[in-house]
Amino acid sequence: MSEITRLLIHGASGRMGQALLRLAAERQDLRVVAAYSRSQPAQRVIDGVPHFAVSELNGAPEFDVAIDFSLPDGFDPVLALCAQRGKALVSGTTGLSSAQNTAINDAAARIAVVWAANYSLGVAVLTELVRRAAAALPGWDCDVIEAHHTRKLDAPSGTALHLGAAAAIGRGDEPHYASLRAGDIVGEHTVQFAAAGERLELIHRASNRDIFARGALEAALRVAHQAPGRYGLAELMFPNL
């Protein structure tokens, strides 16, 4: 058996954190050595995984890569821990400030860092397709339409903004955005290019939230022993795309 990659999960009590714990337990190549939540855990060990409060982060056991799905105000300590120990970080925490994004870039001089608004492997491919289509169709109208469940507060979604940024790279200006909040929609994103007489649509639909956790686990496995740098999900997962 190949060497097992040791994971630290930051934001373990959230929806993504719970999915990461459940799915990591099914794999033979990953082992969660510590799980951190904002509040003090009711149990210290759950299903063989030690649980801690984020206030105890500095005493974390040895790990190879941390996966962070928390809140902006909890992001700085886990980035600092990884930088201090020279360990890789995979983060999906959205709403980071410009100062925090600068801190990621600074840390990337010492450690491998992956940050993505969406860890779906399909969205990683979609992002590259959007960039290429926008470059090929510079005079066409471009719109990003996204739909999510009613509990999602931010609009446009972080993924929609990410796709819009990819389109802007290709065409030089920002697309228009439209958002829908309805029912229990997990996540749907459409990037539409339109001109007189024709329309091109690039669409991704998520029907199960586990896809995001699986993508983050795959990213963690691949980046754990990479050289320092800031890695995009697509370049990490699909280097020949």
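Nothing here was measured: the structure is a model prediction, and the numbers come from that model.

Thoughts on the overall build of the protein
When its secondary structure is counted, the protein shows 7 helices and 12 strands. The C-alpha atoms of the protein give a radius of gyration of 19 Å, which matches the 18 Å a tight globule of 241 residues would have. Over its C-alpha atoms, taken along the principal directions, the protein stretches across nearly 60 × 40 × 40 Å. Scored against the burial criterion, the 241 residues of the protein give a buried share of 46%. Within the protein, residue pairs in contact and separated by at least 24 positions form 68% of the contacts whose partners lie at least 6 positions apart. Within the structure as shown, the protein displays about 11,700 Å² of accessible surface, and the carbon and sulfur contribution to it stands at 51%.

A few points about the pairing of strand β9 (residues 176–181)
Two strands pair when backbone bridges link them, and strand β8 (residues 141–148) and β9 are joined in this way by 6 bridges, in the parallel orientation. Bridging from a neighbouring strand, glutamate 146 pairs with serine 179 of β9. Once the chain exits β8 it traverses helix α5 (residues 158–171) before rejoining the sheet at β9, and the crossover so formed is right-handed.

Digging into the pattern of salt bridges
What the rule picks out here adds up to 13 salt bridges. Notably, a salt bridge pairs aspartate 154 with lysine 152, separated by 3.1 Å at the nearest N-O pair. On the accessibility criterion, lysine 152 (22% relative accessible area) is partly exposed. Overlapping salt bridges, with partners in common, bring together Arg27, Asp29 and Glu218 in one network.

Definitions and limits used
- Residues numbered from 1 in each chain as written.
- Predicted model: local features only at pLDDT ≥ 70, side-chain atom pairs only at ≥ 80, totals over all residues.
- Heavy atoms only, no water.
- Helix = DSSP H or I, 4+ residues; strand = E, 2+ residues; numbered from the N terminus.
- Rg over C-alpha atoms; globule rule 2.2 N^0.38 Å.
- Buried < 20%, exposed > 50% of the residue type's maximum accessible area, 1.4 Å probe, protein only.
- Contact = heavy atoms within 4.5 Å.
- Areas by Shrake-Rupley, 256 points an atom, 1.4 Å probe, with all protein chains shown as cover.
- Pairing = 2+ DSSP bridges.
- Right-handed = clockwise from strand over helix to strand, strands pointing away.
- Salt bridge = Lys/Arg side-chain N within 4 Å of Asp/Glu carboxyl O.

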